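Working through the structure, step by step
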Amino acid sequence: MLIKHAADIRPSEITSPELYADRRRFLRLAGAGTAALALGGPTELLAAQAGDLGPLVKSPFRVDEPLTPRKDVTRYNNFYEFGTDKGDPAINAHRMKTDPWTIKVEGLVGKPRTFDLDQIYKLAPLEERIYRLRCVEAWSMVIPWVGFPLSALLKAVEPLGSARYVEFVTLFDPKVMDTRPVLDWPYKEGLRLDEAMHPLTLMAVGLYGEVLPNQNGAPVRLVVPWKYGFKSAKSIVTIRLTDKQPNTSWNDAGPEEYGFYSNVNPDVDHPRWSQAKERRIGDFLKRKTLPFNGYADQVASMYAGMDLRKNF
Ligand code: MTE
């Protein structure tokens, strides 16, 4: 993994958050039209919602591996609120309205607050980070995300000393989403506060330099690169700081199969299949899965002394 140190980023590579917010607002409005020209069929055209995000900070966090083509990143998705087949979200997610949008941040914080999209974009300069995404289903991708550290948002609401966990609740709109009880809606995820504050934990607003397509979790989704993909909650509407470990949709659905931590771990099999290997989308042969998805140097110390077979 190639890590560039923060000191290597020249100040000139950083644009002020205000400029980003203004730029983005313009580009978002312009985006719907350009998407229409860039893509073929009308359904995909609506779901893709492209719009250039402008110049981005070159983040030190980038893996030096070939990128998964954009067409695979945006057409092979898990977003069960829009159907359970991999191709369903690209066809159906255009129904979701992502602007206006707010994220309510509440619970054990000194300054609870509801952020609108422009306020979210002002929290920190947008960075491009190239991360692996490894699904519990044993496939993986390498994606150029655009986003900002979740810590920037959490610091803005001043977590109280008693806060130990962060719960993420995503949109559930029965008017536009599949209401079959595949999971306990709304989709919920959780992290320990130190995991949430870790510099690798990203709030993504785009990929491939463009506004996040709906099927990838627009307008804001979590990306936690050392955990299985399902920890990366899409289309977040509420973030709640708590003193107790929150319930998560997958853990509620199958506690034996989906633990709270869900760190990528080749040594702990899913009860129904091995986690030792993965298929990178586009590859024929499988490759070995790396502990913590290759991010062990950065994150393993957070789990020192824990039995990761019990806390899977
Ligand atoms: N978030 C919501 N709201 N609903 C979902 O079904 N699926 C998760 C996660 N976030 C999911 C979600 C799973 S299982 C994975 S692997 C990733 O999103 C997939 O993200 P991607 O489609 O952008 O690759």
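Residues numbered from 1 in each chain as written. Predicted model: local features only at pLDDT ≥ 70, side-chain atom pairs only at ≥ 80, totals over all residues. Heavy atoms only, no water.

**Considering the environment of N214**
Under the convention used in this document: Comment: elements are numbered from the N terminus, with helices defined as DSSP H or I runs of at least four residues and strands as E runs of at least two. Counting of polar contacts relies on pairs of N or O atoms within 3.5 Å, with two restrictions inside protein: one atom must be capable of donating a hydrogen and the other of accepting it, and residues adjacent in sequence are counted only when both atoms are side-chain atoms.
Of note, N214 is situated in the loop between β10 (210-211) and β11 (221-223). Taking the C-alpha atoms as reference points, N214 and T98, 116 residues apart in sequence, are found 7.8 Å from one another. Within the structure, the side chain of N214 is placed 2.8 Å from the backbone oxygen of A93, a separation counted as a polar contact. At 3.1 Å, the side chain of N214 forms a polar contact with the backbone oxygen of M96.

**As for the packing of aromatic side chains**
Our working rule: Only the six-membered ring of Trp is used, alongside the rings of Phe and Tyr, when aromatic pairs are assigned; centres must lie within 6.5 Å, and planes under 30 degrees apart are stacked while those over 60 apart are edge-to-face, with the rest tilted. Only protein chains enter the accessibility calculation, which uses a 1.4 Å probe; a residue is then buried when its area is under 20% of its type maximum, exposed when over 50%, and partly exposed in between. A ring is considered to have a charge above it if a Lys NZ or an Arg CZ atom is located within 6 Å of its centre and within 35 degrees of its normal.
Inspection of the entire model under this criterion finds 12 aromatic pairs. Their ring planes at 80 degrees and their centres at 5.9 Å tell us that Y165 and F260 sit as a pair that is edge-to-face. With Y165 in strand β7 (residues 165-170) and F260 in the loop between α8 (249-253) and β13 (277-280), this residue pair connects regions lying 95 residues apart in the sequence. There is no split in this pair, since Y165 and F260 are both buried. Sitting over the face of the ring of Y76, K86 holds its NZ or CZ atom 5.8 Å from the ring centroid. A cation sits over an aromatic face here: K231 above F260, 4.5 Å from the ring centre.

**Some details on unusual backbone geometry**
Going from D99 to P100, the amide bond is cis rather than trans, its omega being 5 degrees. Following W185, the chain continues to P186 via a peptide bond in cis, the omega torsion being -5 degrees. Checked against the element boundaries, P186 lands in the loop between β7 and β8 (188-192). A positive phi is found at E158, a non-glycine position, where the angle reads about 55 degrees. Mapped onto the elements of the fold, E158 is located in the loop between α6 (150-156) and β7. On the accessibility criterion, E158 (38% relative accessible area) is partly exposed. Of note in the backbone geometry, Y208 takes a positive phi value of approximately 50 degrees without being a glycine. Looking at the element boundaries, Y208 is found in the loop between β9 (202-207) and β10.

**Regarding the site of the ligand**
Here is the rule: We call a residue near a molecule or strand whenever a single non-hydrogen atom of that residue lies within 4 Å of it. For accessible areas, the Shrake-Rupley method is used with a probe of radius 1.4 Å. Any residue's cover is judged against the shown protein chains and nothing else.
Residues in contact with the ligand amount to 16 residues; listed here are only the nearest, N77, Y80, E81, S232 and K234. Between the ligand and N77 there is a distance of 2.9 Å, counted from an oxygen atom to a side-chain nitrogen or oxygen. Contact distances for the ligand include 2.6 Å between an oxygen atom and a side-chain N or O atom of K234. Computed on the free molecule, the ligand has an accessible area of 540 Å², of which 99% lies beneath the protein chains in the complex.

**Some remarks on the pattern of salt bridges**
For side chains bearing opposite charge, pairing can occur when the charged atoms are close. How we decide: Only one rule defines a salt bridge in this text: a Lys or Arg side-chain nitrogen within 4 Å of an Asp or Glu carboxyl oxygen.
Evaluation of the coordinates by the stated rule reveals 21 salt bridges. Measuring nitrogen to oxygen at the nearest pair gives 2.9 Å for the salt bridge that ties R280 to E65. Here R280, found in strand β13, pairs with E65, found in the loop between β2 (57-62) and α3 (70-75); they are 215 residues apart in sequence, far enough to count as distant. For R280, a relative accessible area of 6% translates into the label buried. Between R70 and E210 there is a salt bridge, with the nearest N and O atoms lying 3.2 Å from each other. On the criterion of sequence distance, the pair formed by R70 in helix α3 and E210 in strand β10 is long-range, its members being 140 residues apart.

**A word on the UniProt feature "binding site: Mo-molybdopterin" (unreviewed entry) in the chain**
For the record, the criterion: UniProt positions are given in the numbering used here, feature names are shortened, and annotations may be inferred rather than shown by experiment. In this description, contact between two residues means that some pair of their heavy atoms is separated by no more than 4.5 Å.
Here the UniProt-annotated "binding site: Mo-molybdopterin" (unreviewed entry) positions come out as N77, Y80, E81, C135, T170, N216, R221, S232, A233 and K234. Here T170 shows up in strand β7. In this structure T170 touches E81, P186, Y187, A233, K234, S235, I236 and V237, once residues within four positions along its chain are discounted. Its location among the elements puts N216 in the loop between β10 and β11. Residue N216 is classed as buried on the basis of its relative accessible area of 3%. In contact with N216, other than residues within four places in its own chain, are V73, T74, N77, L207, R221 and K234. Within polar-contact distance, the side chain of N216 engages the backbone oxygen of V73 at 3.0 Å.

**Some thoughts on the environment of V205**
Positionally, V205 belongs in strand β9. Each C-alpha atom, one on V205 and one on S235, is 9.8 Å from the other, the two residues being 30 residues apart in sequence. In contact with V205, other than residues within four places in its own chain, are L53, Y121, L126, V146, G147, F148, E210, V211, L212, P219 and V220.

**Some points on the environment of D118**
Mapped onto the fold, D118 is located in helix α5 (residues 117-121). Take D118: its relative accessible area is 15%, and that puts it in the buried class. Sequence separation between D118 and W101 is 17 residues, and the spatial gap between their C-alpha atoms is 9.5 Å.

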